[in-house]
Amino acid sequence: MSTDAGWSDYEGGATLGGMGSQGGTIVRDEGFLGLLRLTYEADDSRSFHVVTCGISGWLSHPRFFDNAAEALHAFESMKPALEELGTTLPEGGPRSTADGRAAGPLLAAFRVRFS
């Protein structure tokens, strides 16, 4: 279970206020040991809220929400699961076809759980 240990502002907070990968303004952006990332983007003018989670070399998965409260709850609740998934995958991406095949079901299960 995550206690937020290891999570910190991504790039020291330099990304905050910039445009995110989904077209919103980055409101919150945190990384974990340089391998995991959670980004929350918002655009209140269009009720747009998205949390994108990433594992370097493996995963970039956006989740869309209608309001900030749900998005921020998801941001926090995804941390432990993302940490757990990150520990099961080789750092930086697959090193072999076998790595990719082994990771497929784990990545799919994560996406289904957090869709």
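See the structure shown above.
Calculation notes
- Residues numbered from 1 in each chain as written.
- Predicted model: local features only at pLDDT ≥ 70, side-chain atom pairs only at ≥ 80, totals over all residues.
- Heavy atoms only, no water.
- Phe/Tyr/Trp six-rings, centres within 6.5 Å; stacked < 30°, edge-to-face > 60°.
- Buried < 20%, exposed > 50% of the residue type's maximum accessible area, 1.4 Å probe, protein only.
- Lys NZ or Arg CZ within 6 Å of the ring centre and 35° of its normal.
- Core = buried A, V, L, I, M, F, W, Y, C linked by side-chain atoms within 4.5 Å.
- Helix = DSSP H or I, 4+ residues; strand = E, 2+ residues; numbered from the N terminus.
- Contact = heavy atoms within 4.5 Å.
- Axes fitted to C-alpha atoms, helices over the stretch in contact; angles between N-to-C directions.
- Parallel < 35°, antiparallel > 145°, perpendicular 65-115°, else oblique.
- Nonpolar A, V, L, I, M, F, W, Y, C, P; charged D, E, K, R; others polar.

*Asks:* If you had to explain the packing of aromatic side chains to someone new, which residues and values would you point to?
*Replies:* What characterises a pair of aromatic rings is the spacing of the ring centres plus the angle enclosed by the ring planes. As enumerated under the stated definition, the model contains three aromatic pairs in all. Taking the centre distance of 4.9 Å and the plane angle of 45° together, the rings of Phe110 and Phe114 count as tilted. The pair formed by Phe110 and Phe114 is uniform in burial state, with each residue classed as buried. Across from the ring centre of Tyr10, 3.7 Å away, lies the NZ or CZ of Arg37, which sits over that ring. Lying over the aromatic face of Phe48, Arg46 brings its terminal NZ or CZ to 4.1 Å of the ring centre.

*Asks:* Lay out the nonpolar core with the relevant residues and their values.
*Replies:* In terms of nonpolar packing, the biggest core is built from 24 residues, with Leu38, Val51, Ile55, Leu59, Leu82 and Phe110 touching the most fellow members. Of all the secondary structure elements, the ones that give two or more residues to this core are strand E3 (36-43), strand E4 (48-55), strand E5 (59-65), helix H1 (68-88) and helix H2 (97-113). Ranked by residues supplied to this core, first place goes to H1 with seven residues. When sequence neighbours within four positions are dropped, the list of residues in contact with Leu59 reads Cys53, Gly54, Leu82, Leu85, Leu107, Phe110 and Arg111.

*Asks:* Any details on the packing of H1 against H2? Residues and values, ideally.
*Replies:* The interhelical angle for the contact between H1 and H2, taken along N-to-C directions, is 175°, at an axis separation of 11 Å. Our classification of the angle between H1 and H2 gives roughly antiparallel. Where H1 abuts H2, its residues Met78, Ala81, Leu82, Leu85 and Thr88 lie against Leu106, Leu107, Phe110 and Arg113. Broken down by class, the residue content of the contact of H1 with H2 amounts to seven nonpolar, one polar and one charged.

*Asks:* Give a detailed account of unusual backbone geometry, specifying residues and quantitative values.
*Replies:* For Leu33, which is not glycine, the phi dihedral falls at a positive 50°. Within the fold, Leu33 resides in the loop between strand E2 (25-32) and E3. Given the relative accessible area of 61%, Leu33 is considered exposed. Phi at Ser47 takes a positive value of approximately 50°, unusual for a residue other than glycine. Structurally, Ser47 can be placed in the loop between E3 and E4.

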